[in-house]
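Chains, contacts and geometry: an overview
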Amino acid sequence: MTDKEIILEVSLLAGKIMLESGAETSRVEDTMERIIRHALHVEQDTTTYTYVTVNGIFVQLDHSKGTNFVRIDSRGHNLERITAVNQISRSFAGGDMTLREVYESLLTISGEDSSYPLWLRIICATVLSGSVVLIFGGRFVDLPAGMAAGLLCYLIHLVAWRVIKASFFAEYVAAFIGGTLAYCLTTVSSGNLDSVMMGAVAPLVPGIAITTAIRDIMAKHYLSGLIRGLEAIFIAGALGTGIATVYYIFIL
Amino acid sequence: MVYQICLNIVLSFLSSITFAVISNVPRKSLLTGGIVGTIGWLGFWGLSLHHAGIFLSSFVCSLLLALAAHVASRLHKMPLIVFYIPGLVPVVPGISSYEAFRALLTHHYSTAMFGFINVIFSAVGITCGLVAADIVMRLVFSYKLVGRRTP
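Residues numbered from 1 in each chain as written. Chains lettered and ligands numbered in written order. Predicted model: local features only at pLDDT ≥ 70, side-chain atom pairs only at ≥ 80, totals over all residues. Heavy atoms only, no water.

**A look at the overall build of chain A**
Helix and strand content of chain A: ten helices and three strands. For chain A, the spread of C-alpha atoms along the principal axes amounts to about 70 × 30 × 30 Å. Sorting the 252 residues of chain A into buried and exposed places 53% on the buried side. With an accessible surface of roughly 11300 Å², chain A has 63% of that area assigned to carbon and sulfur atoms. (Helix = DSSP H or I, 4+ residues; strand = E, 2+ residues; numbered from the N terminus. Buried < 20%, exposed > 50% of the residue type's maximum accessible area, 1.4 Å probe, protein only. Areas by Shrake-Rupley, 256 points an atom, 1.4 Å probe, with all protein chains shown as cover.)

**Focus on the nonpolar core**
When a protein is soluble and globular, its nonpolar side chains tend to lie buried together. Formed by 97 residues in total, the largest nonpolar core has its most connected members in A:Val10, A:Ile57, A:Leu106, A:Met197, A:Leu239 and B:Tyr84. Ranked by residue count, the leading element in this core is helix H1 (residues 3-20) of chain A, at ten residues. Residues within four places of A:Ile57 in sequence aside, it is in contact with A:Leu12, A:Gly15, A:Lys16, A:Leu19, A:Met32, A:Tyr51, A:Val52, A:Asn68, A:Phe69, A:Val70 and A:Ile72. By size, the runner-up hydrophobic cluster in this structure holds five residues, among which are A:Ala209, A:Ile210, A:Ile214 and A:Ala232. (Core = buried A, V, L, I, M, F, W, Y, C linked by side-chain atoms within 4.5 Å. Contact = heavy atoms within 4.5 Å.)

**Description of the environment of B:Phe13**
Residue and element names in this part refer to chain B. Tracing the backbone through its elements, the reader meets Phe-13 in helix H1 (residues 2-22). In this structure Phe-13 comes out as partly exposed when scored by relative accessible area, which is 27%. Put simply, Phe-13 and Gly-129 are 116 residues apart on the chain and 21 Å apart in space, counted from C-alpha to C-alpha. Setting aside residues up to four positions removed in sequence, Phe-13 forms contacts with Leu-31, Gly-34, Ile-35 and Thr-38.

**Regarding the packing of helix H8 (residues 193-201) of chain A against helix H5 (residues 94-105) of chain B**
Relative orientation of the contacting elements H8(A) and H5(B) amounts to 125°, with a least axis distance of 11 Å. Here H8(A) lies oblique to H5(B), going by the angle between them. Here H8(A) runs over H5(B); the crossing is right-handed. The residues of H5(B) that touch H8(A), namely those facing A:Asp194, A:Met197, A:Met198 and A:Val201, are B:Ile95, B:Tyr98, B:Glu99 and B:Arg102. Within the contact of H8(A) with H5(B), the residues separate by chemical class into five nonpolar, no polar and three charged. (Axes fitted to C-alpha atoms, helices over the stretch in contact; angles between N-to-C directions. Parallel < 35°, antiparallel > 145°, perpendicular 65-115°, else oblique. Left-handed = near helix turned anticlockwise from the far one by under 90°. Nonpolar A, V, L, I, M, F, W, Y, C, P; charged D, E, K, R; others polar.)

Shown next as structure tokens:
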């Protein structure tokens, strides 16, 4: 590979890891341009262009060579990987790493999954459900029901996501089954159904997506912001539909 | 009252930390993220207790959160969002938008409309708070704004 091809490859890989981990597009563009500018030893480059949307990254190093791009298919939330790529690009721009080292450490980052074990994440989802139940005005009676429903919701979402890979359907099924459990438990303990259900879906609501969408729009990346906002609306709609199905079946 | 305050501090700390684990925040920033989240939630809760309205509460909460997150990100040398996102969980209009959709599907149309307007107000308030914190920090530290540099 020639020098420029390596630079292209490294910047595309860095951008791909960050976008798949759920970073804002402006941050991805900034990081990629930092890497390219330092690798080419130029301060203000007028022939290099990067264009990042939520679904794809486009880079052009030089007019004669054409444009390279990658497609982003899956997106999750992994702030650890964003931080790691940021750290690497910063130490590369500071002159502490060579391009080859950057490429190798990026490859290791893209291979590894979350550093938290699965059981810890499941426990955390349960505790999150419990604290959301209490924080939004639930009583202590509702706590066990909310935690159980939240645990079931999170588990079902994980399983459905692994098995069918259909994003909105997984949320729908999780909300429906979790809501059914919440309904059964609250009829037994005569608790407050509304706050229990709020706690049950709390680990799944698209909070990060909404925030990132707004930040994208503030950074004038209107396309990415709208796509992310639409995704958040659809996820919230799927959760609402799942809970509404419970209402239709058991209450109305 | 003291009991209420203590309960809210503990709960917001717990929810920030647990959400941080779910979204895979680096281990080093977990505790700081919890403290940042507590600061933001106390702002939101205190204002909603005095009926300040959803826009003002979200704005002040996001401003406090972002200022605390700026300080934390300078201390830890990590991106701002690592501290900002976990603290925003209880405030971010994800839960209200889910509630609005549920009201829409169970034929409570006026509640749903009210809910969606609340979601929009809250989202705009959060953004305004974030931008205001960025401007404040830039004035203090002459720091780079969010977004790309002007060409």
